[in-house]
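# Report on the structure
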Amino acid sequence: MSFLFLLIVAGGAQVDALIAQGIELRQEGKNEEALIAFRKAHELSGSPRALAQVGLVEVALGHWIDAETDLANALVSAGDPWVEQHRDALNGALRSAGA
């Protein structure tokens, strides 16, 4: 295996760990801390899933403008399996952010 491949795999594992950490923090009601974890995951990966998680926690925090932007950007990412699986819930969150 190449060194680049190992770096990509390690980076993916780090992103997954940050998303899992963010979800756990949200379940504990620590939304500000979760936002930090999700933003780090998005910075590392640029993934629509991470951006959607950022948007969802922004809704919970009442950061309506940021939430609307981030959720809309995540939803335009056609083909992302996680976004496709959660599209209805993300659209619902987007509607509440824009209300």
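Here, every reference points to the structure presented above.
Calculation notes
- Residues numbered from 1 in each chain as written.
- Predicted model: local features only at pLDDT ≥ 70, side-chain atom pairs only at ≥ 80, totals over all residues.
- Heavy atoms only, no water.
- Salt bridge = Lys/Arg side-chain N within 4 Å of Asp/Glu carboxyl O.
- Helix = DSSP H or I, 4+ residues; strand = E, 2+ residues; numbered from the N terminus.
- Buried < 20%, exposed > 50% of the residue type's maximum accessible area, 1.4 Å probe, protein only.
- Core = buried A, V, L, I, M, F, W, Y, C linked by side-chain atoms within 4.5 Å.
- Contact = heavy atoms within 4.5 Å.
- Axes fitted to C-alpha atoms, helices over the stretch in contact; angles between N-to-C directions.
- Parallel < 35°, antiparallel > 145°, perpendicular 65-115°, else oblique.
- Left-handed = near helix turned anticlockwise from the far one by under 90°.
- Nonpolar A, V, L, I, M, F, W, Y, C, P; charged D, E, K, R; others polar.

## So, the pattern of salt bridges
Scanning the model with the defined rule gives three salt bridges in all. Salt-bridge contacts for Glu58 lead to Arg39; the nearest nitrogen and oxygen are separated by 3.3 Å. Note that Glu58 is positioned in helix 3 (residues 48-61) and Arg39 in helix 2 (residues 31-45), a separation of 19 residues in sequence. Since its relative accessible area comes to 36%, Arg39 is described here as partly exposed. In this structure, Arg87 engages Glu84 in a salt bridge whose closest nitrogen and oxygen atoms are separated by 2.7 Å. Residue Arg87 is classed as partly exposed on the basis of its relative accessible area, which comes to 23%. The class for Glu84 is partly exposed, based on a relative accessible area of 38%.

## Examining the nonpolar core
By size, the foremost hydrophobic cluster in this structure holds 13 residues, and its most contacted members are Ala52, Val59, Leu71, Leu75, Trp82, Val83 and Leu90. Elements supplying a minimum of two residues to this core: helix 3, helix 4 (64-75), helix 5 (81-85) and helix 6 (87-98). Beyond its immediate stretch of four places on either side in the chain, Ala52 contacts Leu71, Ala74, Trp82 and Leu90. If you look at the next biggest cluster of nonpolar residues, it comprises 11 residues, including Leu18, Ile19, Leu25 and Ala41.

## Let's talk about the packing of helix 3 against helix 4
Where helix 3 meets helix 4, the closest approach of the two axes is 8 Å, and the angle between their N-to-C directions is 155°. Taken as axis vectors, helix 3 and helix 4 run roughly antiparallel relative to one another. Helix 4 is crossed by helix 3, and the crossing has left-handed handedness. Where helix 3 abuts helix 4, its residues Pro48, Leu51, Ala52, Val54, Gly55, Leu56, Glu58 and Val59 lie against Trp64, Asp66, Ala67, Asp70, Leu71, Asn73 and Ala74. A per-class count over the contact of helix 3 with helix 4 returns 10 nonpolar, two polar and three charged.

By themselves, these figures tell us nothing about what the structure is for.
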